[in-house]
Amino acid sequence: MPKTKCAIVALLAVASLVICGVAQATPATPTITATQSGALKAQLSSSTGTHWAWSVPGATGAIGATNPVTVTFPAAGTYTATVDATDDDLLNPAPASSSATFHVYDKPTASFTYTDLGNGQVQFTDASTGEPTEWVWTFPSGKVKTQATAPQTLPAGTTSVTLKVTNPAGNSTVTLPVTVNGPPVAVLNIMSTPAAINAPVLLDASHSTDPNQDALSYSWDLNGDQLYGDATGPLQSVSFPAAGSFRVGVQVSDGHGGVATTSAFITVMADRPPLVDFTNSPAQPAVGTQVTFTANSSDPDGHITRIDWDLDNDGQFDDAAGPTATWTFWKAGWPIVAVRATDDQGVATVAFRTLTVTAGLPTPVPTTSVTGQSTG
């Protein structure tokens, strides 16, 4: 049965009337709900009451007596709110009180660092501030929704990586270019094999490449012991005192931990090598001027069977064949031209020279590629 209360009401100061009825109960103990409503802001609501008195130590600005109420805070952290909730019962105005502890967030700021582990593997580390609670990484391979990630495989060169962080106050996104060092590609051209005993054989590694366009350094194994350090530089020559098959190798480094090696075998024969040299006319050509190259060759113990030219400095003797060749240079500079003479035993000798090509008068670049021509 509900409890009753009686009130004595004076009526015209003559008589009194006893009024009895059901009394209203004190409001039930309220439940406080705290919801982040923005950076360093929270909306507080009470589950009961018609009148409220809020107390939030550490909050800034005025705190209204409304429900819900929006509160601003000076910094992220944990706060406690207290509310006194009453109803309109004039006979029992005692408030019901409740407290709740909650965390307030500031908006996060996304940031990350990365470490190149080599061989295309990159370790990423979250460096975001502002207490993020969710992370979304976007890599070329897809999305990862954890703060810590396993090493990622990225292509050599520069790739964009994005990190988005979120907390109840908002989100933040950062995209950074990530440069991954790729290993160089070692290229070794043996300019003349077979070769004669004690004849110098030119070794060319200058056409090695690097995906990051790094400057390359070279270390050679010239005695076949598979230990590098016998010589440096992109070009080397080697000779052997006896006939046989001899291994040579080059190690190419990009200065950032990327290393590549390659090797080849040189066949040495008991044969006297051919002799070869060449001239060019004009001696100092201008851009757009046709140049004629003439080879002078002989063989001391046989005869010359083939003359081949490398006129575009790609390490391949495939631009012209025969004792004369013509070529036109379309860029000023110092191109290297080489000729190779091969005798009837297959032994070859290479001669090369650096030309000077001057700017000359402006000359239109042809719409079709220019190839070397040979006569004879």
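Cut-offs and rules
- By convention here, each chain's residues receive numbers from 1 onward along its written sequence.
- Per-residue local features are limited, in this predicted model, to residues with pLDDT of at least 70; the limit for side-chain atom pairs, both in listing and counting, is 80 or more; totals at the level of whole chains, interfaces and linings are taken over all residues.
- With hydrogens and water stripped out, all remaining heavy atoms of the structure feed into the side-chain values.
- Each salt bridge in this description consists of a side-chain nitrogen of Lys or Arg and a carboxyl oxygen of Asp or Glu lying within 4 Å of one another.
- Only DSSP runs of H or I with at least four residues qualify as helices, and only runs of E with at least two residues qualify as strands; both kinds are numbered from the N terminus onward.
- Burial classes follow relative accessibility: with a 1.4 Å probe on protein chains only, a residue under 20% of its type's maximum area counts as buried, one over 50% as exposed, and anything between as partly exposed.
- Under the pairing criterion, centres of Phe, Tyr and Trp rings, with the six-membered ring standing for Trp, must be within 6.5 Å; the plane angle then separates stacked pairs below 30 degrees from edge-to-face pairs above 60, leaving the rest tilted.
- By the criterion adopted, a ring carries a charge over it if an Arg CZ or a Lys NZ lies within 6 Å of its centre and within 35 degrees of its normal.
- We call two residues in contact whenever any of their non-hydrogen atoms come within 4.5 Å of each other.
- Two N or O atoms form a polar contact when they lie within 3.5 Å of each other; inside protein one atom must be a possible hydrogen donor and the other a possible acceptor, and for residues adjacent in sequence the pair counts only when both atoms belong to side chains.
- Two strands are said to pair when DSSP picks up at least two bridges between them.
- Side-chain atoms within 4.5 Å link the members of a nonpolar core, which is a set of buried Ala, Val, Leu, Ile, Met, Phe, Trp, Tyr and Cys residues.

Enquirer: Please explain the pattern of salt bridges as it appears in this structure.
Expert: Side chains bearing opposite charge may pair, as long as their charged atoms lie close to each other. Under the criterion given, the structure shown has three salt bridges. Among the ionic pairs, Asp221 bridges to Arg247, the shortest N-O distance being 2.7 Å. You can see Asp221 sitting in strand S19 (residues 217-221) and its partner Arg247 sitting in strand S21 (residues 244-253), a full 26 residues away along the chain. On the basis of relative accessibility, which here comes to 0%, the residue Asp221 falls in the buried class. The residue Arg353 makes a salt bridge to Asp277 at a minimum N-O spacing of 3.3 Å. Of this pair, Arg353 sits in strand S29 (residues 348-354) while Asp277 sits in strand S23 (residues 275-281); the two residues are 76 residues apart in sequence, bridging distant segments of the chain.

Enquirer: What is the right way to read the packing of aromatic side chains from this model?
Expert: The geometry of an aromatic ring pair is captured by the separation of the ring centres together with the interplanar angle, meaning the angle of the planes. Scanning the model with the defined rule gives twelve aromatic pairs in all. Relative to Phe124, the ring of Tyr114 lies with its centre 6.0 Å away and its plane at 40°, an arrangement referred to as tilted. With Tyr114 in strand S9 (residues 112-118) and Phe124 in strand S10 (residues 121-126), the pair connects residues that are ten residues apart, well separated along the chain. With relative accessibility at 2%, the residue Phe124 sits in the buried group. Among the aromatic residues, those joined into a cluster by ring pairs are Phe112, Tyr114, Phe124, Trp137 and Phe139. The ring centre of Phe278 lies 4.1 Å from the NZ or CZ of Arg353, which sits over that ring.

Enquirer: How do you make sense of the environment of Ser208 when you look at a structure like this?
Expert: Considering the arrangement of structural elements, one finds Ser208 in the loop between strand S18 (201-204) and S19. Residues Ser208 and Pro234, spaced 26 residues apart in sequence, show a C-alpha to C-alpha distance of 8.8 Å. Setting aside residues no more than four positions away along its own chain, Ser208 makes contact with Val185, Ala186, Val187, Leu216, Tyr218 and Val252. Separated by 2.9 Å, the side chain of Ser208 and the backbone nitrogen of Val187 make a polar contact.

Enquirer: Sorry, what's going on with the pairing of S29 here?
Expert: Where a strand is regular, its side chains alternate between the two sheet faces. Where strand S28 (residues 336-343) and S29 come together, seven bridges link them in antiparallel fashion. Across the sheet, the residue bridging to Ala341 is Thr349, located in S29. Counting the residues in the hairpin turn of S28 and S29 gives four residues, including Gly346, whose phi is positive at 85°.

Enquirer: Just to check I follow, could you spell out unusual backbone geometry for this structure?
Expert: A negative phi holds for most residues other than glycine; trans holds for most peptide bonds. Between Asn67 and Pro68 the backbone carries a cis peptide bond, its omega angle lying at 5°. Positionally, Pro68 belongs in the loop between strand S5 (51-55) and strand S6 (69-72). Thr193 connects to Pro194 through a cis peptide bond whose omega is 10°. The backbone of Leu40 shows a phi angle near 60°, a positive value even though the residue is not glycine. Structurally, Leu40 can be placed in the loop between strand S3 (32-38) and strand S4 (41-46).

Enquirer: Would you explain the nonpolar core in this entry?
Expert: Burial of nonpolar side chains together is a common tendency in soluble globular proteins. In this structure, Leu188, Ile190, Leu203, Trp220, Val238, Val248 and Ile266 are the most contacted members of the largest nonpolar core, which totals 21 residues. Elements with a minimum of two residues in this core: S18, S19, S21 and strand S22 (259-269). In terms of residue count, S22 provides more of this core than any other element does, four residues in total. Not counting chain neighbours up to four residues away, the residues in contact with Val238 comprise Ala199, Pro200, Val201, Leu203, Leu222, Val248 and Ile266. Within the second largest apolar cluster, 19 residues are counted, among which are Phe293, Ile307, Trp327 and Leu355.

Enquirer: Where do I start with the pairing of S4 in this structure?
Expert: Residues Ala42, Leu44 and Ser46 point to one face of S4 and are all buried, whereas Lys41, Gln43 and Ser45, pointing to the other face, are not buried. Note: S3 against S4, six bridges, orientation antiparallel. Within S4, the position partnered with Thr35 by the bridge is Gln43. The hairpin turn running from S3 into S4, its antiparallel successor, is two residues long, and Leu40 in that turn takes a positive phi close to 60°.

By themselves, these are just geometric observations and shouldn't be taken as functional.
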